[in-house]
Amino acid sequence: MKRNTDSTGSSADPHHGQPIETAGAPPQAADAAVVLLHGRGSTARNILTLIDEFLHHGVMYLAPQAAGKTWYPRAAYAPFEDNEPWFSSALDRVSEALQVASDAGVPPERTLILGFSQGGCLAGEFVARNPRRYGGLVVLSGSLPGPETGQDRDGSIDGTPVFLGCGSEDPYVDSERVHDSARVFERLGGDVDSRLYDELGHAINDDEVQMINSFIEQLR
């Protein structure tokens, strides 16, 4: 299923009008939701194939699509201004997906935000910028973006379960940034678990899938 906004993107809001692909429970039957954010060069439909590994009754899955298959054009660790307006536009699409869940009667505290690679960086930054209780945050092969992780983050995520999983020698993600990001979410009041895996590369493994499953089970 696909949900479209009513106009196409613009130079000021490049992701506006991109679809949100959906799967799982229909809105009228959903009691939990998962927002999935794909990586650079991938698609919403592609990341939705993950749900074959953790398909749960009563869970709505929402996957926004990035314009041009890219949430932001430059490296994740570049200054934020170098990735504007794409980054702010991408954050708005996450908000839109949460609104779709809310319209179905599923509040943020029963919604898991999950992202892989570029989508993982986006997921983490969205939660850090919009602190509150969420159903969970999963950052796979990613970290908080920007030149620094941001030691001056304010607010509280109020015990939100947080998982960061990454290869110890990921070619795109500095493992130290994963540790730094975990510490940021701990200071924001998250229940944080971070794991580095040898020989994983830039991919998702069975242990991470099991973690996602356990997070979804806690939503219901």
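Throughout what follows, the structure given in this document is the object of discussion. On a predicted model such as this, the values are computed, not experimentally measured, just so you know.

## Topic: the nonpolar core
Item 1. By size, the foremost hydrophobic cluster in this structure holds 44 residues, and its most contacted members are Leu37, Ile113, Leu122, Phe126, Val127 and Phe185.
Item 2. Elements with a contribution of two residues or more to this core: strand E3 (32-37), strand E4 (59-64), helix H2 (86-103), helix H3 (118-129), strand E6 (136-140), strand E7 (161-167) and helix H4 (175-187).
Item 3. Per element, the largest residue contribution to this core is eight residues, and it comes from H2.
Item 4. Ignoring any residue separated from it by four or fewer positions in sequence, one finds Phe185 in contact with Gly124, Val127, Ala128, Leu137, Leu144, Ile157, Val162, Gly190 and Val192.
Item 5. Counting 26 residues, the second-largest nonpolar core is a separate cluster that includes Val34, Val138, Tyr197 and Ile212.

## A short note on the pattern of salt bridges
Item 1. Within this structure, the stated rule accounts for 10 salt bridges.
Item 2. Glu125 is the partner of Arg153 in a salt bridge, and the nearest nitrogen-oxygen pair spans 2.7 Å. Taken as a pair, Arg153 in the loop between E6 and E7 and Glu125 in helix H3 lie far apart in primary sequence, 28 residues in all.
Item 3. Judged by its relative accessible area of 2%, Glu125 is buried.
Item 4. Notably, a salt bridge pairs Arg183 with Asp180, separated by 2.3 Å at the nearest N-O pair. With Arg183 and Asp180 both in helix H4 and three residues apart, the pair spans about one turn of that helix.
Item 5. Bridged by salt links that share partners, the residues Asp13, Arg93 and Glu96 form one connected network.

Thresholds, definitions, all that
Residues numbered from 1 in each chain as written. Predicted model: local features only at pLDDT ≥ 70, side-chain atom pairs only at ≥ 80, totals over all residues. Heavy atoms only, no water. Core = buried A, V, L, I, M, F, W, Y, C linked by side-chain atoms within 4.5 Å. Buried < 20%, exposed > 50% of the residue type's maximum accessible area, 1.4 Å probe, protein only. Helix = DSSP H or I, 4+ residues; strand = E, 2+ residues; numbered from the N terminus. Contact = heavy atoms within 4.5 Å. Salt bridge = Lys/Arg side-chain N within 4 Å of Asp/Glu carboxyl O.

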